[in-house]
Amino acid sequence: MAVLAEQHRLESDVILTEAKAHGIDFRRLKDLREPLCIDMLRYWNEVRGERSMPRPEEIDPVRFARHMPHLLVVQIDWEPFDVSYRLLGGDFVDAHGANFRGQRVIDSRSHTGRFNEVLFEFYRFVAVAERPYAVAGTMEYAARGRVEVEAVYLPLTVGGERTDRILGAAVSRALPKS
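These numbers come from a predicted model, not from an experiment. (Residues numbered from 1 in each chain as written. Predicted model: local features only at pLDDT ≥ 70, side-chain atom pairs only at ≥ 80, totals over all residues. Heavy atoms only, no water.)

A. Local environment of the side chain of Ser 84. Inspection of the secondary structure puts Ser 84 in strand β3 (residues 81–88). The exposure class assigned to Ser 84 is buried, which follows from its relative accessible area of 15%. Apart from residues no more than four positions distant in its own chain, Ser 84 is found in contact with Val 73, Val 74, Gln 75, Gln 103, Arg 104 and Val 105. (Helix = DSSP H or I, 4+ residues; strand = E, 2+ residues; numbered from the N terminus. Buried < 20%, exposed > 50% of the residue type's maximum accessible area, 1.4 Å probe, protein only. Contact = heavy atoms within 4.5 Å.)

Here's what the structure looks like:
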């Protein structure tokens, strides 16, 4: 168990370094500031109860209907490992400049540079950890330009044995052009 914990810590260090190069950093869950992210985390915790994560069908989309533009769901496949966009809210589509629903994250060109690779590894990290993570910082979207963003990523399980989906909630604000 100690070996797995150390491996997970090393993986988080690698992801953190890559994400920081793109302007994004992990944020402690208790330090979330955006009401949407706080509410989503609180709801996720209520639904999961004593389990490590809830099932997708337990998440009531009506509760967050007004926030749908700020939500995304990615599909996790394990053999071989892959991540694809299952749902992208309108704010994501606008920021990315396209709707990538059904496409692999690794193939996405929605961000500048190689950020799609950072996202792919981040989603793998969340899937393996089976716990929520939050991020915040500034980044650049292909269609929207530089933004300030805060997001929370919440793992979901279909069969109760591993992460099969990740529900994300993100709030971004355009930064002044320099």
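B. Quick look at the pairing of strand β2 (residues 71–78). Most of β2 sits inside the fold, with six of its eight residues counted as buried. Relative to strand β6 (residues 165–174), β2 runs antiparallel, the two being bridged by five bridges. Opposite Leu 72, over in β6, you have Gly 168 as the bridge partner. Count of turn residues in the β2/β3 antiparallel hairpin: two residues. (Pairing = 2+ DSSP bridges.)

C. Fine view of the pattern of salt bridges. Per the counting criterion, the structure on display carries 12 salt bridges. In this structure, Arg 51 engages Glu 58 in a salt bridge whose closest nitrogen and oxygen atoms are separated by 3.1 Å. On the basis of relative accessibility, which here comes to 31%, the residue Arg 51 falls in the partly exposed class. With relative accessibility at 24%, the residue Glu 58 sits in the partly exposed group. Residue Arg 55 pairs with Glu 58 through a salt bridge whose shortest N-O separation is 3.5 Å. (Salt bridge = Lys/Arg side-chain N within 4 Å of Asp/Glu carboxyl O.)

D. Focus on the pairing of strand β5 (residues 145–156). Of all 12 residues in β5, 10 are buried; the element is thus mostly enclosed. The pairing of β5 with β6 spans 10 bridges and is antiparallel. Along β6, the bridge assignment pairs Glu 150 with Val 171.

E. Structural detail: the environment of Asp 91. If you trace the backbone, Asp 91 turns up in helix α3 (residues 90–96). Its relative accessible area of 17% is what places Asp 91 among the buried residues. For the pair Asp 91 and Pro 69, spaced 22 residues apart in the sequence, the C-alpha separation amounts to 4.8 Å. Each residue touching Asp 91, except ones within four places of it in the same chain, is listed here: Pro 69, His 70, Arg 144 and Ser 172.

F. Broad picture of helix α4 (residues 115–129). Spanning 15 residues, α4 covers 21 Å between terminal C-alpha atoms, matching the ideal 21 Å at 1.5 Å per step. Directly after α4, the chain includes Glu 130, whose backbone phi takes a positive value near 55°. (Expected span 1.5 Å × (residues − 1).)

G. The arrangement of unusual backbone geometry in detail. With omega at -5°, the peptide bond leading from Glu 79 into Pro 80 counts as cis. Turning to its location among the elements, Pro 80 is positioned in the loop between β2 and β3. Here Glu 130, not a glycine, exhibits a phi torsion of approximately 55°, which is positive. The topology assignment puts Glu 130 in the loop between α4 and β4 (133–141).

H. Summary view of the nonpolar core. In terms of nonpolar packing, the biggest core is built from 29 residues, with Val 74, Val 83, Val 105 and Tyr 123 touching the most fellow members. Taken together, the elements giving at least two residues each to this core come down to β2, β3, α4, β4, β5 and β6. For this core, the element with the highest residue contribution is α4, accounting for nine residues. Not counting the four nearest positions on each side in its chain, Val 105 is found in contact with Val 74, Val 83, Ser 84, Tyr 85, Asn 116, Leu 119, Phe 120 and Tyr 123. (Core = buried A, V, L, I, M, F, W, Y, C linked by side-chain atoms within 4.5 Å.)

I. Region of interest: the packing of aromatic side chains. Enumeration over the complete set of coordinates arrives at 11 aromatic pairs. On the numbers, 6.0 Å between centres and 55° between planes, the contact of Phe 122 with Tyr 123 is tilted. Assessed through its relative accessible area of 6%, Phe 122 is described here as buried. Among the residues examined, Tyr 123 registers a relative accessible area of 1% and is labelled buried. By the ring-pair criterion, three or more aromatic residues cluster together here, those being Phe 26, Phe 122, Tyr 123, Phe 125, Tyr 133 and Tyr 153. A cation over an aromatic ring shows up here: Arg 131 above the ring of Tyr 133, its NZ or CZ 4.1 Å from the ring centre. (Phe/Tyr/Trp six-rings, centres within 6.5 Å; stacked < 30°, edge-to-face > 60°. Lys NZ or Arg CZ within 6 Å of the ring centre and 35° of its normal.)

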